[in-house]
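Examination of the molecular architecture
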Amino acid sequence: MIRQCITPSTLEAVLNILDEEGKDVELIAGGTDLVIDIRNEKFKKSKLLNIAKFKLLKFININEDKTSIGSGTKFTDIVENGEVEKLFLGLWKACKSVGAPQIRNMGTIGGNICNGSPAADSVPPLLALDANLIMISKDKERVIPLREFYLDKGRVDRREDELLYAIKFNTLKRNEGIAFEKLGLRKALAISRISCSIYIQLEKNDYIKNIRIATGALGKYPQREVELECMLKNQEISTGLLNTVSKHMSHIVEQRLKGRSSMHFKRSAISGLFIKTCKDAVEEAKKNV
Amino acid sequence: MFRINFTINNKGYTVDVDEALRLVDLLRDKFQLTGTKEGCAEGECGACTVIMDGRTVQSCLVMAFQADGSNITTIEGLEREDGLHPIQRAFLDAGAVQCGFCTPGMVLSSKALLDKNSNPSREEIREGLSGNLCRCTGYNKIVDAVALASKYLKEEESDGASENSRK
């Protein structure tokens, strides 16, 4: 039951409130998930801390080396950013596939990350980009790799006094590319049934110098597929290799989702999705010359 | 209670709202703007779409306090002194309305789309309306209506321009 809604005028005030009564308040930015919980009386805290209007949390900075996105940046603002589309096609595609236009107009990238959904669309590409999260609290700043942020389904490593300020990752350079693919039940308004994002760095055209693979909706939270990365790193890319790795991916999914009704579908579907994403990432990397 | 200032259909209001009230409830129950429909109540169907600061949102997913300081357009705000808005006219002329429950949301999503892109392709129209579901029919007539609305709006603009040049 909500008893109070607080809309502070400064970020400092937000951090003070989090510091003093962090355990009793819930942050609300876009609210596209939270409002449903409030309506269904699943929301247990008594206070809402409204951070939707802070311009300080809305930015996309792309420098030569680093890119950072403010946690309050709405998906529509990311989708309408031509630089993001050009440099990080996989991330752009993932953001574009979130919900529907109306949801992208409200929903923020920080909310998508902190909500801890296994199917959060923007998370696999950010994992593949090896992003770091910048968490701020009253007196300190903490940088945590996104891959360590997820603890369990719906549970993330955000301390009660902390606010996610921004997401930071390396700006892609020559021979690097990122791709994203998702399977949903329909084209729009679809929750991911499976998603996959791959970052690749090529050398001499077809030699994989570095690769990072992340999946969504294939476990308790979006995760890196390190085993597969090891199979592909420092290898010459070929159809045979991709087939072998995709078979192994099916096997991993089978083990991970054992006993779940979706296992048979996901086991088969991931292999095609993986190959498609990998080919797209290679194409992207070749484009960035 | 939480006090908010906002504009609905170009008129400013100050109201006290319950913290747990959603925008759709505020519009329908307090302002009797019942053109905004509530369908699924979880952001899937788009029947409750309104335009907030130039962008469409689902009013079932927005808390009333989040509307503080914003400018909202509902379907009631589209009609002009001389009659229906060209998009509304296009929906009627194209036969894009069956039961009509999804229509206010469809029309507002069309407006947000056409405000940004006055000449959308059929694909862009489908993309722009992808957050609005219609359970009566297929979407072809609705896409036709948006294409027709784009034509009406352009005609209106060129009529206005030629009138101005005559002056």
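Residues numbered from 1 in each chain as written. Chains lettered and ligands numbered in written order. Predicted model: local features only at pLDDT ≥ 70, side-chain atom pairs only at ≥ 80, totals over all residues.

Under an unreviewed UniProt entry, chain B has the name Purine hydroxylase delta subunit apoprotein and belongs to Marinisporobacter balticus. In the Pathway (unreviewed entry) part of its UniProt record, chain B is described as follows: "Alkaloid degradation; nicotine degradation." (UniProt positions renumbered as here; feature names shortened; annotations may be inferred.)

As annotated in an unreviewed UniProt entry, chain A is Purine hydroxylase gamma subunit apoprotein from Marinisporobacter balticus.

The next subject is the overall build of chain A. Within chain A, the regular secondary structure consists of 11 helices and 14 strands. The globule rule puts the C-alpha radius of gyration for 289 residues at 19 Å, and the 19 Å found for chain A is close to it. Considering only C-alpha atoms, chain A reaches an extent of 60 × 45 × 30 Å along its principal axes. Every one of the 289 residues in chain A was classed for burial, and the buried ones make up 47%. When contacts within chain A are restricted to residue pairs at least 6 apart in sequence, those whose partners lie at least 24 apart make up 64%. (Helix = DSSP H or I, 4+ residues; strand = E, 2+ residues; numbered from the N terminus. Rg over C-alpha atoms; globule rule 2.2 N^0.38 Å. Buried ≥ 20, exposed ≤ 12 C-beta atoms within 10 Å, placed from the backbone. Contact = placed C-beta atoms within 7 Å.)

Moving on, we get to the interface of chain B and chain A. Size of an interface: often given as the accessible area lost when the parts come together. If you look at the interface, chain B gives 23 residues, while chain A gives 21 residues. In terms of residues, the side of chain B that touches chain A owes the most to one element, strand E4 (residues 55-58) of chain B, which gives four residues. Here the residues of the side of chain B that touches chain A sort into eight nonpolar, 10 polar and five charged. (Nonpolar A, V, L, I, M, F, W, Y, C, P; charged D, E, K, R; others polar.)

Turning our eyes to something else, we now look at the domain arrangement of chain B. Residue and element names in this part refer to chain B. According to the domain assignment, chain B consists of domain 1 (2-77) and domain 2 (86-166). Residue-level contacts link 13 residues of domain 1 with 12 residues of domain 2. Listed by contribution, the elements that provide at least two residues to the side of domain 1 that touches domain 2 are strand E3 (49-52) and E4. Here the side of domain 1 that touches domain 2 takes three residues from E3, the largest share from any one element. Its residues placed into classes, the side of domain 1 that touches domain 2 shows six nonpolar, five polar and two charged. (Domains from an automatic or database assignment.)

Grouped burial of nonpolar side chains is what soluble globular proteins tend to show. Residues and elements named next belong to chain A. Residues Leu 126, Ile 178, Ile 198, Ile 200 and Ala 281 are the most contacted members of the largest nonpolar core, which totals 125 residues. With seven residues, the top contributor of residues to this core is helix H11 (residues 263-287). Residue contacts for Leu 126: discarding those within four places in its chain leaves Leu 91, Ala 131, Leu 146, Ile 167 and Phe 169. (Core = buried A, V, L, I, M, F, W, Y, C linked by C-beta atoms within 7 Å.)

Residue and element names in this part refer to chain B. The phi angle at Asn 9 is positive, at roughly 45°, despite the residue not being glycine. Considering the arrangement of structural elements, one finds Asn 9 in the loop between strand E1 (2-8) and strand E2 (11-17). Although it is not a glycine, Gln 32 sits at a positive phi angle of roughly 55°. Mapping Gln 32 onto the fold places it in the loop between helix H1 (23-30) and E3.

Here we come to the packing of helix H10 (residues 239-256) of chain A against H11(A). All names here are of chain A. Their axes nearest at 8 Å, the elements H10 and H11 cross at an angle of 150°. Here H11 runs roughly antiparallel to H10, going by the angle between their axes. Considering how the two elements wind past one another, H10 and H11 form a crossing that is right-handed. Residues Leu 242, Ser 246, Lys 247, Met 249, Ser 250, Val 253 and Glu 254 of H10 form the contact with H11, whose participating residues are Met 263, Lys 266, Arg 267, Ser 268, Ile 270, Ser 271, Phe 274, Ile 275 and Cys 278. (Axes fitted to C-alpha atoms, helices over the stretch in contact; angles between N-to-C directions. Parallel < 35°, antiparallel > 145°, perpendicular 65-115°, else oblique. Left-handed = near helix turned anticlockwise from the far one by under 90°.)

What follows deals with the environment of Leu183(A). Take Leu183(A): it is sitting in strand E11 (residues 176-183). In this structure Leu183(A) touches Arg193(A), Ile194(A), Ala269(A) and Leu273(A), once residues within four positions along its chain are discounted.

Right, let's talk about the sheet that holds strand E10 (residues 163-170) of chain A for a bit. All names here are of chain A. The antiparallel open sheet is built from five strands, whose spatial order is E4-E5-E10-E6-E7. Every interior strand has two partners, whereas the edge strands, strand E4 (60-62) and strand E7 (141-145), have only one. Going across the sheet, the axis of each strand differs from the next one's by a mean of 20°, ignoring polarity. As paired elements, strand E6 (residues 132-136) and E10 share five bridges and run antiparallel to each other. Each bridged residue has a counterpart across the sheet, and for Met 135 the counterpart in E10 is Leu 164. (Pairing = 2+ DSSP bridges.)

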